[in-house]
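# Breakdown of the fold
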Amino acid sequence: MPVDLFNTKPLAWDSAGLDADTKAMLDNLQPNIVQAHVREHLAVLFVHFDDGADGKRFLRGLLPLMKSARKHLEEVRAFDRSKAPGTPYVGVGISKAGYLKLGHSTTKFGDNAFKSGLKRRKDTLSDPPVGKWEKPYQGEIHAVVLIGDATGEPVAATRERVLALLPKTAQVLGEETGLGLRNAQGRGIEHFGYIDGRSQPLFLADQVAKEPGKNWTPFFPLSHVLAADPLAPRPDRHFGSYLVFRKLEQNVRAFRQAEEQLADSLGLKEADRQRAGAMLVGRFRNGTPLRLHGKPSSDGFPVQNDFSYRDDSGAKCPVGSHIRKVNPRDTRDGGLERVLGVMMARRGQTYGTRTDVPWDDAPPETRPTGGVGLLFMAFNASLQSQFEFTQQTWADNPGFPEEGVGHDPVIGQGKRELKVRYRETWGGDKLSPPIAEIPQTVTMKGGEYFFMPSLAYLKSL
Ligand code: HEM
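Residues numbered from 1 in each chain as written. Predicted model: local features only at pLDDT ≥ 70, side-chain atom pairs only at ≥ 80, totals over all residues. Heavy atoms only, no water.

## Observations regarding the nonpolar core
Counting 115 residues, the largest nonpolar core has Met25, Leu59, Leu62, Leu226, Tyr449 and Tyr457 as the members making the most contacts within it. Element by element, the count of residues in this core is highest for strand β1 (residues 41–49), at seven residues. Setting aside anything within four residues of it in sequence, one finds Tyr449 in contact with Ser95, Ala113, Phe114, Gly117, Leu118, Arg121, Leu125, Leu243, Val244, Leu383, Phe387 and Glu388. (Core = buried A, V, L, I, M, F, W, Y, C linked by side-chain atoms within 4.5 Å. Buried < 20%, exposed > 50% of the residue type's maximum accessible area, 1.4 Å probe, protein only. Helix = DSSP H or I, 4+ residues; strand = E, 2+ residues; numbered from the N terminus. Contact = heavy atoms within 4.5 Å.)

## Topic: the coordination of the iron atom of the ligand
Donation to the iron atom of the ligand from the protein comes from one atom only, His322 (NE2), at 2.2 Å. Tracing the backbone through its elements, the reader meets His322 in helix α11 (residues 322–326). (Donors = N, O, S within 2.8 Å, 3.2 Å for Na, K, Ca; no water.)

## Structural notes on helix α1 (residues 20–28)
In an α-helix, one turn spans 3.6 residues; hence positions three or four apart end up facing the same way. Buried residues of α1: Asp21, Thr22, Ala24, Met25, Leu26 and Asn28, and no others. Packed against the buried residues of α1 are α3 (69–82), β8 (239–250) and α14 (455–460). You can read the cap of α1 off the contacts: a side-chain oxygen lies 3.2 Å from the backbone nitrogen of Asp21, and it is on Asp19. (Polar contact = N/O pair within 3.5 Å; in protein donor to acceptor, adjacent residues only side chain to side chain.)

## A few points about the site of the ligand
By nearness alone, 27 residues border the ligand, and Arg198, Ser199, His322, Asn327 and Arg329 come closest of all. Between Arg283 and the ligand, the recorded distance is 3.1 Å, taken from a side-chain N or O atom to an oxygen atom. Note that an oxygen atom of the ligand is positioned 2.8 Å from one of the side-chain N or O atoms of Arg329. Those elements that provide at least two residues to the shell around the ligand are β8, α11, β11 (373–380) and α13 (384–395). Looking at the shell around the ligand residue by residue, the class counts come to 14 nonpolar, seven polar and six charged. (Near = heavy atom within 4 Å. Nonpolar A, V, L, I, M, F, W, Y, C, P; charged D, E, K, R; others polar.)

## A short note on the UniProt feature "domain: DyP dimeric alpha+beta barrel" (unreviewed entry) in the chain
As recorded in UniProt, the sites labelled "domain: DyP dimeric alpha+beta barrel" (unreviewed entry) are residues 28–172. A helix fraction of 37% and a strand fraction of 17% characterise residues 28–172, whose end C-alpha atoms lie 26 Å from each other. (UniProt positions renumbered as here; feature names shortened; annotations may be inferred.)

## Things to note about the side chain of Asp396
Within the secondary structure, Asp396 is located in the loop between α13 and β12 (419–420). One buried charge, Asp396, has no salt-bridge partner; the nearest side chain with opposite charge is Arg246, at 6.7 Å. (Lys, Arg positive; Asp, Glu negative; His and termini not counted. Salt bridge = Lys/Arg side-chain N within 4 Å of Asp/Glu carboxyl O.)

## Quick look at the packing of helix α9 (residues 252–265) against helix α10 (residues 274–281)
Angle between the axes and distance between the axes: these two values describe a pair of packed helices. Closest axis-to-axis distance for the α9/α10 pair is 8 Å, and the angle between their directions is 115°. As the angle between them shows, α9 and α10 are arranged roughly perpendicular. As α9 runs across α10, the sense of the crossing is right-handed. Where α9 approaches α10, its residues Phe255, Glu259, Leu262 and Ala263 are matched on the opposing element by Ala276, Gly277, Leu280 and Val281. (Axes fitted to C-alpha atoms, helices over the stretch in contact; angles between N-to-C directions. Parallel < 35°, antiparallel > 145°, perpendicular 65-115°, else oblique. Left-handed = near helix turned anticlockwise from the far one by under 90°.)

Take a look at the structure:
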């Protein structure tokens, strides 16, 4: 039976009755796509090949260090049952230029954004000119190797093994080091201090079973992340996924200043001042959704994700806040993110170290203005209709989801000329006088589009 990407039920990957094609799909799919792999410590290597044949040998040589999605899921299960540690994650992506260098044609790839490469999409995405990107990203990147684990030692050892395989005709153009950032409770946060990575599309039955799903259905079909691997021996059972990688630098000081200014403009006092930042993000720092609570709640962990906006025209959670712009959740099963197939699987990691305490209330002047940020990564079945659509049509569009809401306060790019009116109280109707949009505090420093091929393709090289 062909792999059913549009199955309306989550994939029971461990079911005895799984058909042969779906089994083959899982045995040949890279990990971290249908379920996030631990990558608290992460090394990201960007490689350029001078010689295609050597490039092929290198990529094939990585196979003994890699595992399949199924092996990863088995490791997760073993860890949940007995805390048995898993093996490091090694993921490989190839850019359009990379496939050409390896001697392949890219005509069979369906995604036009991938076939253009990120540099040529900069106008679509309102990105800075390529000359302003960090040097490694200005070069021609052919492949990315991701190495991740819970601790630093296995990552360092695996990184050495990867580098030892690199032929003389290949160069590492650049490298990023991702390092998980955690708050006082040990929860993963991003550099502005907010819990991140909570809301994700879920594809697997065991994951979906853990979520309540009364107001928001976290299940999404595999069609959101999988694309047939057109160069694999059996594209009907060998799948991959399109990866967007963007280095997003965060000016934490400027964001904290914007939070303070918004709190002042709205006349928010004492503990209620935290609501200003929550109005920009859509959640309080501890993850509490503004849609459900006007104050940070201590409902425990995992933080709440079972909400929709269908009964909230913006009185509780501003329609222009980050999480509402990038996932409108307007109706339970017929929302835009579902109908248009927009939701992607985010798998980013923070980078850069801090000397301050990222989650506390110390004044903005004590915060970094650069050198820290997010290595934004997401898996897509279509870069054009998922990542690019989210960035361009929603985040960068001051008129989405309605006129006057402004750019996404976290990731919106493009001239910010609007004045925005906010609700003065949580759940109230009274609008503030128009307030200038907060300045852009996230800067794209470079990136690329990749296809994460099937293991069957790598074996065939
Ligand atoms: C959610 C921060 C970049 C898409 C979130 C959350 C935070 C956050 C704090 C809430 C936690 C959660 O619900 O998982 C940031 C920061 C970014 C960034 C600081 C850059 C430095 C991006 C980009 C995109 C994006 C580039 C896509 C173009 C999303 C989506 C969600 C989310 C889809 C989940 C929303 C939901 O389902 O409710 N982000 N983000 N983010 N972000 Fe971002």
